[in-house]
Each structure stands twice: as structure tokens, then as C-alpha cells.
Amino acid sequence: MMIENKTGRIISFVGGRDFESQQLNHATQAYRPNGSTMKPLLDYAPAMEHGLIQPGYILVDAPLTEVSGWNPKNYGGGYKGLMTAREALRHSQNTPAARAFLRMDAYEATGYLEKMGFTSLVGTDRTNLAMSLGAMTRGVTVEENTNAFTTFANGGKFIDAYMIEKIISSEGEIVYEHESEPVDVFSPQTAYLTLDMLREVIYGGGTAGRLPSYLKFRADWFGKTGTTDDWEDSWFVGANPNVTIGVWTGYDRPMPLDRSNYAHRTQRIWALLANAAYDVDPELMNPGERFAMPSGIVRRSFC
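Residues numbered from 1 in each chain as written. Predicted model: local features only at pLDDT ≥ 70, side-chain atom pairs only at ≥ 80, totals over all residues. Heavy atoms only, no water.

Residue-level account of the pattern of salt bridges, with values.
If you walk through the whole model with that rule in mind, you get 13 salt bridges. Across the salt bridge formed by Arg32 and Asp233, the nearest N and O atoms sit 3.0 Å from each other. Within this pair, whereas Arg32 is found in the loop between β2 (10-12) and α1 (38-49), its partner Asp233 is found in strand β10 (residues 233-239), the two being separated by 201 residues in sequence. Look at Arg32 and you get buried, because its relative accessible area is 9%. Residue Asp233 is classed as buried on the basis of its relative accessible area, which comes to 1%. The partner of Arg199 in a salt bridge is Asp220, with the nearest N and O atoms 2.7 Å apart. Remark: Asp220 occurs in the loop between α7 (211-214) and β9 (222-227) and Arg199 occurs in helix α6 (residues 188-203); sequence separation between them is 21 residues. The exposure classification of Arg199 matches that of Asp220, with both residues buried. Residues joined by salt bridges that share partners form a network here, namely Arg86, Arg90, Asp196, Arg199, Glu200, Asp220 and Arg290. (Salt bridge = Lys/Arg side-chain N within 4 Å of Asp/Glu carboxyl O. Helix = DSSP H or I, 4+ residues; strand = E, 2+ residues; numbered from the N terminus. Buried < 20%, exposed > 50% of the residue type's maximum accessible area, 1.4 Å probe, protein only.)

Next comes the structure, spelled out in C-alpha cells:
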């Protein structure tokens, strides 16, 4: 799914492998849990909006003992100890993200997802702590998950994605014309700090560190990888100042993907789509500008 950030216009999508064999549009109709792509949407950005953490805030990557009966593990096992929120998101560590989420009221935090266009939340999702790691009851579509990430690119405003621009009758009368209604979700400062952290997922040795080598052009990208339990879903959502692109790979009946290269395959597919779009419209895909840092943000070094 490719969405133009400033307007919400859906530029293109891939609905599946073969329309002749299956007519389900996986981009708009298939609901799957979004794994670690949930972390910036539900954990880090809302916690920063409430002033509870910042990129340099120290989180603990260690066994979670704060909640009885819930002990999430990191991908691949092991713990890294004390780390900044920026580092934890870069490497997609689970326990620091969970601890950021636990600093908030769960119902209030999940309200941000609704502001960003999630329509598939059920009642238990609003209080389920595992939501912080993307363990949704029903799931989310590729369109909605991608659309949510445009909020960071738009300075904290959510613009609902759309396909139909205008309908005109045979007499030339405008029957319908789309009008965008931006929703305030985060402050410009929170949006920028979040996308700046997500830049390091790609350019700072994070979980999408190979992505630049797959692209034939360079732009100011930020993004997030995502994997669900038993390697059943693989996600990557990335954005530049113009567009946001989201890719999901998996099976209709959930079953494990090839663990040896599932994440890199998803990122290669994402890059193939980005490269194909660049061939058609280089200025759209490589706008030649970077995300501008708003006022009200300071840089400080601390022990």
C-alpha cells in the first residue's frame, strides 16, 4: 500500500499474488496482527506525548516482573540491560516497549490508535497489555497500518486514506468529491522525535539496516519492521516526506514463514515496489528534502 502523506490519496496497492486464484484484497480487507510495527504507534509516541519518556530516556531491557502472569520475551531471547528509548526502538526490544506502555493507562493509550484510523479494535484490545507488542485480537489491514504511520510524516496529524477522488455524472454534475479532515493526534514535536528515532531503524544499524542497499535511490526514510508470534506475519512500513509504503507478507491460514530470511524478503519486496515507483515518478519517491525539525526541541547530553 502506498499513500500520499499530505492528502491521504492511495497511489497504488497490491491486493495479492494472483486475482484469478483469489479475489480477496489483502491490502484493504485482510486483518492481521501488526507485531512490532505497533511499538511507535502505541508505546513510544503516546508515552512521549504524555511527557513520560523521551528518546534519551533510559528503559530497562530485562525480565518483566511488574505484571503478574505476563512475561514477554525478546526476539531471539536474551536481554541488553539499560538502554535509551531510541536504542530500544532501533533494535525492536520487547521489554523496554512494554515498560513504556505500562507507564500509561492502557485504555487511554489505545485511544491513539482509533485517532489514527484503526477500526478493528475489540473491547479486550483496549486493556490487553500484549497489545503493546502488536498482539491484536482481530488485527489491522495493510491500508490502516500504513495510514497510521503517515501521522508522523504529517507532523502529528492523521489524514484518512482514500481511493475515490471525485464522481461526476454524465451531465457534468459533481456527485461526490473527497474532502480530507485532518485529526490532531500528536504534537509536531512528538511526531518528529518518533520519526527521528525510526530513521535509525534504517540508517542506524537497526532491524532494517539492509534496506538502503536494496534501493536504487536515497531519500529521508524512516520505518519499522514487525514480526508476530511463531513468525506468522512479517511487516515493514517506511515513509519519506512525500509517501508512506507498507508491506505485509504471510499466509491466509496463519503458519510460520521461513525463519532464515522472512524479514529480508519482506524488505526486498518493499524496496522492489519503491524502486518501481521511482522509475515512474522520481520526484515523488525522492523529494530532495528532509523532514524539518519543529521548534521546541532541544539536544542535551546527560549521564
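Give a detailed account of a nonpolar patch on the surface, specifying residues and quantitative values.
On the surface, a cluster of nonpolar side chains totalling about 550 Å² of accessible area is made up of Phe13, Met163, Ile164, Ile167, Val175 and Tyr176. Locating Val175 in the fold gives a position in strand β7 (residues 174-177). (Patch = residues over 30% accessible without salt bridge, like charges linked within 9 Å, V, L, I, M, F, W, Y side chains within 5 Å. Areas by Shrake-Rupley, 256 points an atom, 1.4 Å probe, with all protein chains shown as cover.)

Now, about the pairing of β9: what can you tell me, with residues and values included?
β9 sits mainly inside the fold: five of its six residues count as buried. In sequence, β9 turns back onto β10 through a hairpin of five residues, with Asp230 there showing a positive phi of about 60°. (Pairing = 2+ DSSP bridges.)

So what about the packing of helix α5 (residues 142-153) against α6? Which residues, and what values?
Packing of α5 against α6 brings their axes to within 7 Å, and their N-to-C directions diverge by 110°. Here α5 is positioned roughly perpendicular relative to α6, judged by the angle of their axes. Contact residues: Phe149, Thr151 and Phe152 in α5; Ala191, Thr194, Leu195 and Leu198 in α6. Per-class residue counts for the contact of α5 with α6 are five nonpolar, two polar and no charged. (Axes fitted to C-alpha atoms, helices over the stretch in contact; angles between N-to-C directions. Parallel < 35°, antiparallel > 145°, perpendicular 65-115°, else oblique. Contact = heavy atoms within 4.5 Å. Nonpolar A, V, L, I, M, F, W, Y, C, P; charged D, E, K, R; others polar.)

Can you tell me about the packing of aromatic side chains, naming the residues and giving the values?
Summed over all chains, the structure comprises nine aromatic pairs. Aromatic pair Trp221 and Trp270: ring centres 5.0 Å apart, planes at 75°, arrangement edge-to-face. Taken together, the positions of Trp221 in the loop between α7 and β9 and Trp270 in helix α8 (residues 262-280) put the pair 49 residues apart, joining distant regions of the chain. Overall, Trp221 belongs to the buried group, its relative accessible area being 0%. Each ring, one from Phe222 and one from Phe291, has its centre 5.5 Å from the other, and the planes form 55°; the classification is tilted. Separated by 69 residues along the polypeptide, Phe222 in strand β9 and Phe291 in the segment after α9 (282-285) bring together distant segments of the chain. A cation over a ring is seen here: Lys115 above Tyr112, with NZ or CZ 5.4 Å from the ring centre. (Phe/Tyr/Trp six-rings, centres within 6.5 Å; stacked < 30°, edge-to-face > 60°. Lys NZ or Arg CZ within 6 Å of the ring centre and 35° of its normal.)

Got a sec to walk through the pairing of β10? Specific residues and values, please.
Counted residue by residue, β10 has seven buried out of seven residues, so it is predominantly covered. Residues of β10 alternate between two faces, with Asp233, Trp235, Val237 and Ala239 on one and Ser234, Phe236 and Gly238 on the opposite face, all of them buried. In this structure, β9 lies alongside β10, joined through six bridges in antiparallel fashion. Directly across from Gly223, in β10, lies its bridge partner Gly238. Pairing of β10 with strand β11 (residues 243-250), which is carried by seven bridges, proceeds in the antiparallel orientation. Across the sheet, the residue bridging to Val237 is Gly246, located in β11. Linking two consecutive strands that pair antiparallel, namely β10 and β11, is a turn of three residues.

If you had to explain the side chain of Thr244 to someone new, which residues and values would you point to?
If you trace the backbone, Thr244 turns up in strand β11. A distance of 2.6 Å separates polar atoms of two side chains, one belonging to Thr244 and the other to Asn5. Setting aside its immediate chain neighbours within four residues, Thr244 contacts Met1, Met2, Ile3, Asn5, Thr146, Phe149, Thr150, Val237, Gly238 and Ala239. (Polar contact = N/O pair within 3.5 Å; in protein donor to acceptor, adjacent residues only side chain to side chain.)

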